[in-house]
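Spelled out from the first residue to the last, the chains are:
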Amino acid sequence: MKNRLELKILLLLILVLILGFGAYVVVSINRESEVLLEQQREKVRLFGETVMVGIRNVMLSGKAPYAAELVSDARENLEFGSLRVYDNRAKEVFPDEGRGVVHGAGDAAVREAIDRQMEVMFARHDTSGNEVVRIEPLLNDRECQQCHASDHRVRGVTRLVLNPRLMAAHAQDMERHDLSRTHHEVSAVISATLASGFRTIMLAGQGELMDTLVVRTARLPFVHRIAVYDRFGAVHFGDEERTAEEDSVFEAIGRAEPVVYYDRNRTVLTRLIPLRNEERCQVCHGSKSQWRGVLEVSLRVDRLSARPAELEQQLTRMLQSAVGVGFRSIMLVGKGSAARSFINEVRNIEAVKDLRVFDTEANERFVNVTAKEHGLNEVRDALQRDTVVEAMQWIDGEEFLVRYAPLRNEKRCQVCHGDDHTVRGVVGVTASMAAINATIAYNRWISLAAGALTILLVWLTLRIFMKRMVVRPIGDIGDVAEQVGNGDFTVTAAVRSQDEIGQLGVRINQMIVGLRERFHLQKFVSQQTVDYVHRASEMGVKLGGERKQAAVFFSDVRGFTAFSEKVEPERVVAMLNAILSRQAEIVKRHGGDIDKFVGDELVAVFLGERMVDNAVCCAVEVQEMMRTVPAEIGEEIAIGIGINAGEMVMGAMGSEERMDFTVIGDAVNLGARLCSAAERGQILLSDAAAQRLSASDRFRLIPREPIAVKGKEAPVRIFEVRPA
């Protein structure tokens, strides 16, 4: 019970603490989470708007190619997420390509080329067929040392593999002694590589430095001529003395496709590639014409080998040289960040199976990490509604806050871009929520730990307090109550305080005093009286009685008067109490109830079917007891007993203030008369009682002469009971 009470109180208090403290923790964490989320939103908003302002100003300054560098620099400085830019058709522009690095990706051949500072070429076979792998060092020339240190000879290497299927087709042509398709294929591959370098430098905003690419390309042994014409046929870059036919330049623009022709007795193959005035080019070149000019690349095809194996090696060297020239030219014009775009364009050429770039530590550079398309629905929503769209997205198991803001086509932008649309594109900023979620989770755990510690401390404090101030005093009171229940009325509850528990102890002690008094008072009344009080209604005990069949037992001490005249009163009382106590025990043992003590006389009542048997047995045992009393009582002390049975009235007699629960009636009076008539050690039994007596081998009945009794007209038949 102690543990249950303590547990209930503690659980109630802990529940209150959890509800109160828990509600505070939840509110605090939610508020802090909202603050952190709002800070992240503000960070994303400021970054996105800064990028938009930068892109707009770069565009308006006429340096549109710088927009790609601005986006690239912004990505490098964006530590908490990613940046994407989309056009008004939800297509990504300025893709973040070639930024990846794979450490230690180079194989033994790559390391050999780096260590020996020379090319490595070998053939291998895979599922697509035989192929030639060539690794060529990128030398750290004097002109490169303007930006790079001079303490190393090699900047890195390129690893090139051509498409075996194309080479197999060329081998078939050579077997038929038809090299025209091979010449055209080689021309297309080399021209596409150089055109990619040209576009990269132009889009990087360094068109005035195009001579860097043209001069270095012209030095290649397999290049006869390279030049760039405007759309009117005038040479802008290249040798002005050796130019292509003007009609061919206009033909390439008019046909909107390359024009290819042989000259110099079919030793040189010239390819004129029209340069379209793309939208990204119109910031610098305007939008009046859809063509910017023509790129001329003339190759000395007479130097191409007629053997398939040698041709593949030769073409690999030529293509690697073209890549090297384009790569170095882009670097020399100070646009190294644009080299990623150039490498990626070359990789898309059909004849190229694999192009990889390694640094001097054999780490692969310009690795294209496949970007998963996500948020396109939000991009389209921002374009359609012309409004900022914010959302939470799960990307690869990580939560991100994304913000897509429309880049509007303002009036000042319409000079170049036209006025047929209101939104130029969308700038999307993706911010990782990992750090914020980790902070929120950390704060949540700290709050939970603090709450648990607080609850534990409160639990311990309350447990100690309640054990000393509540549980222990209540336990002591419970122990006292248990002892009182076992009949010990001498105990008292210790009162240690003046609070409610102390007052409870005081009241318990008062109750014990009352119970003790009641217990002692109960000794002065019969069990029938006690049972009657227990059965009394809430209205209290009332005067009156009811008829009952009962047996009355009267015993009287013979020789008491003479004994009391010869000895001291204290000894008289001790003797009388000894005799009456033994009689009382015997009466109780046989199911009788002591009605009263009248001087040296005892009156008892027996109820039930065997009431007479019990009364007679009780009388026989009393007489046997008297033969074993102490010798100091004297032989003159004896007991006479009278027993009668019949109908009598049992109930409360007297007044409202003082009453006695007893039995009255003629049967009771006859029992008293029989007791008076009994001699020393004699048991007299009425005829009515004898008729109710069952056979027993413990005693026998001896008829006596009928006696005259006061109140009876005829003598009463009686029997003497003697042990068998």
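Conventions we followed
Residues numbered from 1 in each chain as written. Predicted model: local features only at pLDDT ≥ 70, side-chain atom pairs only at ≥ 80, totals over all residues. Heavy atoms only, no water. Pairing = 2+ DSSP bridges. Helix = DSSP H or I, 4+ residues; strand = E, 2+ residues; numbered from the N terminus. Axes fitted to C-alpha atoms, helices over the stretch in contact; angles between N-to-C directions. Patch = residues over 30% accessible without salt bridge, like charges linked within 9 Å, V, L, I, M, F, W, Y side chains within 5 Å. Areas by Shrake-Rupley, 256 points an atom, 1.4 Å probe, with all protein chains shown as cover. Salt bridge = Lys/Arg side-chain N within 4 Å of Asp/Glu carboxyl O. Buried < 20%, exposed > 50% of the residue type's maximum accessible area, 1.4 Å probe, protein only. Arc of directions from axis to C-beta. Polar contact = N/O pair within 3.5 Å; in protein donor to acceptor, adjacent residues only side chain to side chain. Contact = heavy atoms within 4.5 Å.

1. Structural notes on the sheet that holds strand 9 (residues 259–263)
And step 1. What the 5 strands build is an open sheet, ordered 8-7-11-10-9; its pairing is antiparallel. The open sheet is flanked by strand 8 (235–238) and strand 9, the only strands paired with a single partner. Neighbouring strand axes in the sheet, compared pairwise and without regard to direction, differ in orientation by 20° on average.
And step 2. Two elements, strand 7 (residues 223–230) and strand 11 (residues 291–300), share 7 bridges in a ladder whose sense is antiparallel. Following the sheet pairing, Ala227 is matched in strand 11 by Glu296.

2. Let's talk about a nonpolar patch on the surface
And step 1. Residues Leu453, Leu456, Leu457 and Leu460 make up a contiguous nonpolar surface patch of about 370 Å² in total accessible area.
And step 2. Its place among the elements puts Leu456 in helix 13 (residues 434–485).

3. Brief notes about helix 3 (residues 108–116)
And step 1. Taken residue by residue, helix 3 has Ala109, Val110, Ala113 and Ile114 as its buried positions. Down the axis of helix 3, the buried set is contained in an arc of 140°. They therefore lie on one face. Exposed and facing more than 90 degrees away from the buried side of helix 3 are Ala108 and Asp115.
And step 2. At the N-terminal end of helix 3, a side-chain oxygen is found 3.3 Å from the backbone nitrogen of Ala109, two or three residues along, and the residue is Asp107.
And step 3. Following helix 3 by one or two positions, Gln117 has its phi on the positive side, about 55°.

4. A look at the environment of Val649
And step 1. Within the secondary structure, Val649 is located in strand 20 (residues 638–654).
And step 2. Given a relative accessible area of 28%, Val649 falls into the partly exposed group.
And step 3. Each C-alpha atom of the pair Val649 and Thr662 lies 8.3 Å from the other, and the pair is 13 residues apart in sequence.
And step 4. Beyond its immediate stretch of four places on either side in the chain, Val649 contacts Gly545, Glu546, Arg547, Thr662, Val663 and Ile664.

Read these as spatial facts, not as claims about activity.
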